[in-house]
Amino acid sequence: MALWRRSGDTVELARFWEVERVSGQKHHGWPLFTVDRASAFLDGLLADEGLSLRDMRHVWGTPGLPGHADIEVPAGSGAFPVHSLAHLFSGLLMDTKLFKNETIIAMAMDGAPDAVLDTHSPTHWYAGAVSDRGRLTFLPIESPGPLYAAASTMFGMEPGSLMALASACRTAISFDIVDTVAAIELFGGRSAPWAEAFGLVGALISRAEAELADDNLDDRFTREENLRSAVMKHVQRACDLIAIRNVERLSAAGQVRTQDCYLSTSGGFALNCPTNTLLLDTFGFRGLLTPPVANDSGQALGLGMLALHGIGALHEADFSVTSGYYGAPLRDVDEALQEFAPWVETVTDFDAEQFVADVTDSVIVWVDGSAEIGPRALGHRSLLGDPRSMRVRDLLNKYKQRQWWRPVAPIVLADYSSQWFESTRPSPFMLEAVKVREEVRDQVPAIVHLDGSARHQTLTSEVDPLLYRAIDAFHARTGVPILCNTSLNDKDEPIVDNAAQALTFCVNKGIEVAYLAGRRVALRRQSEELVAPGQPRQRAVHYFAGQEPLRDAIWRKWLDQGYTEGGVFLLSWSPGLRLTATPKPSMINRLADHHMARDRNFASLVRTFRRDGGPGSSFIEEPGDLPRPFVLAFRA
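Residues numbered from 1 in each chain as written. Predicted model: local features only at pLDDT ≥ 70, side-chain atom pairs only at ≥ 80, totals over all residues. Heavy atoms only, no water.

Asks: Let's hear about the pattern of salt bridges: which residues, and what values?
Replies: Under the definition given, this model contains 31 salt bridges. Among the salt bridges present, the one from Asp358 reaches Arg520, with a minimum N-O distance of 2.7 Å. Of this pair, Asp358 sits in helix α13 (residues 352-359) while Arg520 sits in strand β17 (residues 519-523), and the two are 162 residues apart along the sequence. Here Asp358 falls in the buried class, since its relative accessible area comes to 11%. Among the residues examined, Arg520 registers a relative accessible area of 14% and is labelled buried. Beyond isolated ion pairs, a larger network of salt bridges with shared partners links Arg15, Asp48, Glu49 and Arg331. (Salt bridge = Lys/Arg side-chain N within 4 Å of Asp/Glu carboxyl O. Helix = DSSP H or I, 4+ residues; strand = E, 2+ residues; numbered from the N terminus. Buried < 20%, exposed > 50% of the residue type's maximum accessible area, 1.4 Å probe, protein only.)

Asks: Just give me the short version of the sheet that holds strand β9 (residues 363-367), but keep the residues and values in it.
Replies: Read across the open sheet, the eight strands follow the order β8-β17-β16-β9-β10-β15-β11-β14; overall the sheet is mixed. Strands at the two margins of the open sheet, each flanked by one partner only, are β8 (344-349) and β14 (457-459). Geometrically, the sheet is characterised by an average inter-axis angle of 30° between neighbouring strands, direction not taken into account. Inspection of the sheet shows strand β11 (residues 409-413) paired to strand β15 (residues 482-487) by four bridges, in the antiparallel sense. Pairing of Val412 across the sheet is with Ile482, part of β15. Contacting β9, β10 (381-385) and β15, helix α14 (residues 390-399) crosses the sheet at an angle of about 60° to β9. Across the sheet, helix α16 (residues 465-478) touches β9, β10, β11, β14 and β15, and the angle it forms with β11 is around 90°. (Pairing = 2+ DSSP bridges. Axes fitted to C-alpha atoms, helices over the stretch in contact; angles between N-to-C directions. Contact = heavy atoms within 4.5 Å.)

Asks: So what's going on with the packing of helix α5 (residues 145-155) against helix α8 (residues 194-211)? Which residues, and what values?
Replies: Two numbers describe how α5 lies on α8: the axes approach to 8 Å, and their chain directions differ by 55°. By the criterion of interaxial angle, the relationship of α5 to α8 is oblique. Regarding α5 and α8, the two cross each other, and that crossing is right-handed. Two secondary-structure elements touch here, α5 through Pro146, Leu147, Ala149, Ala150, Ala151, Thr153, Met154 and Phe155 and α8 through Trp194, Ala197, Phe198, Leu200, Val201, Gly202 and Ile205. In terms of residue class, the contact of α5 with α8 is built from 13 nonpolar, two polar and no charged. (Parallel < 35°, antiparallel > 145°, perpendicular 65-115°, else oblique. Left-handed = near helix turned anticlockwise from the far one by under 90°. Nonpolar A, V, L, I, M, F, W, Y, C, P; charged D, E, K, R; others polar.)

Asks: Could you give me a rundown of the sheet that holds strand β6 (residues 261-266), with the residues and numbers involved?
Replies: With respect to topology, five strands assemble into an open sheet ordered β5-β4-β3-β6-β7, the strand pairing being mixed. The open sheet has two edge strands with one neighbour each: β5 (135-140) and β7 (288-289). Two strands pair when backbone bridges link them, and strand β4 (residues 127-132) and β5 are joined in this way by six bridges, in the antiparallel orientation. Within β5, the position partnered with Ala127 by the bridge is Pro140.

Asks: An account of unusual backbone geometry is needed here, citing residue identities and associated values.
Replies: One non-glycine residue with positive phi stands out, namely His27, at about 55°. Inspection of the secondary structure assignment puts His27 in the loop between α1 (19-23) and α2 (35-47).

Asks: Can you break down the nonpolar core residue by residue, with the values?
Replies: Trp4, Leu88, Phe355, Val365, Trp366, Phe421 and Leu516 are the most contacted members of the largest nonpolar core, which totals 114 residues. A per-element tally of this core places helix α17 (residues 499-509) first, with seven residues. The residues contacting Trp366, other than those within four sequence positions of it, are Phe350, Phe355, Gly379, His380, Arg381, Ser382, Leu384, Leu466, Leu467, Ala470 and Tyr515. Core analysis: the next-biggest nonpolar cluster, separate from the first, contains 55 residues, Ala164, Cys169, Cys261 and Trp405 among them. (Core = buried A, V, L, I, M, F, W, Y, C linked by side-chain atoms within 4.5 Å.)

Structure below.
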């Protein structure tokens, strides 16, 4: 949810919430089934801002909510789903001065759109555009997203883990990926891209299974990890080739030179740092316009920008995403320190020299200000560590229960970035993967990937004075203007949102120092007298608990009307069918059966729809019950 404030000729992003950080459910997928439930949830969040739904002039993005208003999409964009246009505008309007005065090549690349706001079935799934000082020309593009979605499904791993594994292991196979990619198209729309995507990944897996022999594997990894790495190298190359031909198509259609343009990428695939950097380097773009929340949790950002553009609010006003820090403020430090008092030894003010001592060859928790938006830690809800120590990398992966080979990202003082990395571009949102300069790699081994690259974040004192001061002190002592920086969360947990969640992480993992809003908190080690919770702190699941009867009643209503589960799924994805006058169940069911017979992926999607939205699924462990309160255990 994005909260926008408009006053006269000014537009401001006042707050941004990601639902997973509120509920604690990673990749939150549990809906709110009634207007009353949704209103209570939104009012609960808005109350922290001194507001309620009654204070909203416009509510965009969720039909049925009080005050909901339609979004006017730009002329010439009617062939695309609103979902894709929202992604596109989240990048295009990151800096409205650039939008009004420069040329931008923009691409919205993700897995698949939703159909909530569409009034007809889109001709194309993925929107591209050339903006010449705000004059927009739209063009369909392809998305590499389905390739990563297919690999993630077939391997049962997160896309980010697969991306890391591709470069972590040396094993490779031979495959003519260039000619293979030249023979497929991934536009989506009338023809879904799943068959091509799953077919390509399946062919790569078959080749790897046939080609890999035990005597030519990287012995640091399991055989399965070797196979996955070999496959993902070609998947990544395929994604690069598709992104390149998108740029070539857009620049030709707009008759522009890429060297005169900014590049905007958005959608979940925009988090693919190697592709972002490849495009910038290959085509010589002037800069990158990609929001820190490029994935689907950034839909609220893009829908707001799209709607504000539609009502003319940005014609005179200027807006820019100046940092990644629009999330929940840190309001609970004093309460958390009181709650965790048995673990707290001392609380002192920030001291730069003490900070350097704490982080040297070690790991600390750092929580400050408003939370980052998006999946990347940007120094406000972070684990920080010494980049000179491989022990620190191993500790970070141990604390987060990640594979040992997962890389750790660096945060670097912007003034020194080009001395350590082979790039002069700013990277404030950790959205590029650039080479670490060869002459300094041995000084910062914890942040260097196998291929010599790192996914770096550049930091200025204007954006975050306190963190800049801390890293600057480390630089003065060690000569290294860099710290390891990874997100503060346990396995399968979203990034922490507040001080109490951060301290829970500390006591569970045995971390002895946390910095909360600039205060140094020294913590006792676990002992017989202190029993840590052992799991992440439960968050606000009460907004979502106990909805199973509501969900089941809705499900039964459709089935009682005569629709099959396949028919209900088809309606959910087909606004052209859904918005016709009372479509007959028999017609919809026959159409669903036709898709089921023609496309094996349709049957799989129906099963997923049934599993996630049908009777039997539950958001919390005890269906229908409100969550138990979080209790800290003390042993006398």
